[in-house]
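Secondary and tertiary structure notes
Read off the chains here:
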Amino acid sequence: QIATPMIDALAQRIGQTIAIAVWGDRGATIVRIAESPAAVHVAMRHGTVFSLTDTASGRLFGAYLDAAIVKQQLDAARARRKLRDREGAGKAVGMPQQPPLPAWKDFEVQLDEVRRHGISRSEGEIVAGVNAMSAPVFDHTGAIKLAITAIGAAGIFDSRWNGELAKALKACADAVSQRLGAPRR
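Below is a summary of the structure that appears in this document. (Residues numbered from 1 in each chain as written. Predicted model: local features only at pLDDT ≥ 70, side-chain atom pairs only at ≥ 80, totals over all residues. Heavy atoms only, no water.)

Description of the nonpolar core
Put simply, the rule is: Nonpolar core, defined: a set of buried Ala, Val, Leu, Ile, Met, Phe, Trp, Tyr and Cys residues in which side-chain atoms within 4.5 Å join the residues together. Relative accessibility thresholds used throughout: buried, under 20% of the residue-type maximum; exposed, over 50%; partly exposed, between the two (1.4 Å probe, protein chains only). Every helix listed is a DSSP run of H or I at least four residues long, and every strand listed is a run of E at least two residues long, numbered separately from the N terminus.
With 28 residues, the main nonpolar core has Met 44, Phe 61, Val 70 and Phe 107 as its most contacted residues. Those elements that place two or more of their residues in this core are β1 (17-24), β2 (27-34), α2 (56-64), α3 (67-86), α4 (104-117), β4 (130-138) and β5 (144-153). The next biggest cluster of nonpolar side chains, apart from the first, holds 23 residues, and it includes Ile 7, Ala 34, Leu 165 and Ala 168.

Encoded structure:
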């Protein structure tokens, strides 16, 4: 409830669609959306579960959750994919083929990069031409509680680690974290 009005204002200010994701049973899950004010924009759906390894939100949670939880989720994703492939279910309708899941050692390198920058990004990994960045919100214990994620068309989406969009996203996430009593990072 604290973050919802803040993401509405952020979407208006930066011109990108903004989502709040929380960690659920199957991963990072969208619970709130503030659409971009632009006539043409990227849309997301409530309840969508983001890929752990191929999305900004998934990697963000992966970087800040306990490693045992993340490894368990990665193993579960492998099992689901193996079952889907065995049953011939193939790719999801309207989505490109998913890339192979990384080995834990390779995924740890990506998670270290997220922690180093304090933000996660995805550049055309799920859908070519669609980028995303995700910033963490922490509670009073310092635990990640949610992700604030911006998504938009690559041609108008500044995905630089220290670009204006990243700065605005981090500032919004930091403001929510402070309202939740998070220690300063």
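Describing helix α1 (residues 3-14)
Stated formally: The span you would expect from a helix comes to 1.5 Å times its residue count less one. Note that the arc is computed from the directions linking the helix axis to the C-beta atoms. By definition, residues are in contact when any of their heavy atoms lie within 4.5 Å.
Here α1 spans 16 Å end to end across 12 residues, near enough to the 16 Å set by a 1.5 Å rise per residue. Where α1 is concerned, the buried positions are Ala 3, Ile 7, Leu 10 and Ala 11. All buried residues of α1 project into a common sector of 100° when viewed along the axis, lining one side. Of the residues in α1, the exposed ones pointing more than 90 degrees away from the buried face are Gln 12 and Arg 13. Contact partners of the buried residues in α1: β1, β2, β5 and α5 (164-179). A positive backbone phi angle near 75° is found at Gly 15, which sits one or two residues after α1.

Some remarks on the pairing of β4
We count it as follows: Only strands that DSSP links by at least two bridges are regarded as paired with each other.
Of all the 9 residues making up β4, 8 are buried; the element is thus mostly covered by neighbouring parts of the structure. Looking at chain direction, strand β3 (residues 120-123) and β4 are connected through 4 bridges and run antiparallel. Across the sheet, Ser 122 pairs through a bridge with Ala 132, a residue of β4. Where β3 folds back on β4, the antiparallel hairpin that results is connected by 6 residues, among which Gly 124 adopts a positive phi of roughly 65°. Of the pairings in the sheet, the one linking β4 to β5 comprises 9 bridges and is antiparallel in character. If you follow Phe 138 over to β5, its bridge partner there is Ile 144.

Description of α5
An ideal rise of 1.5 Å per residue puts 22 Å on 16 residues; α5 measures up with 23 Å between its terminal C-alpha atoms. Among the residues of α5, those classed as buried are Leu 165, Ala 166, Ala 168, Leu 169, Cys 172, Ala 173, Val 176 and Ser 177. Summarising the contacts, the buried residues of α5 are in contact with α1, β1, β4 and β5. Immediately beyond the C-terminal end of α5, within one or two residues, lies Gly 181, with a positive phi of roughly 85°.

Comments concerning the pattern of salt bridges
Heads up, the condition is: Salt bridge, as used here: a side-chain nitrogen of Lys or Arg that lies within 4 Å of a carboxyl oxygen of Asp or Glu.
Counted by the stated rule, this structure contains 6 salt bridges. Ionic pairing is found between Asp 112 and Arg 115, a salt bridge with its closest N-O pair at 2.5 Å. Separated by 3 residues within a single helix, Asp 112 and Arg 115 lie in helix α4, roughly one turn from each other. Take Asp 112: its relative accessible area is 39%, and that puts it in the partly exposed class.

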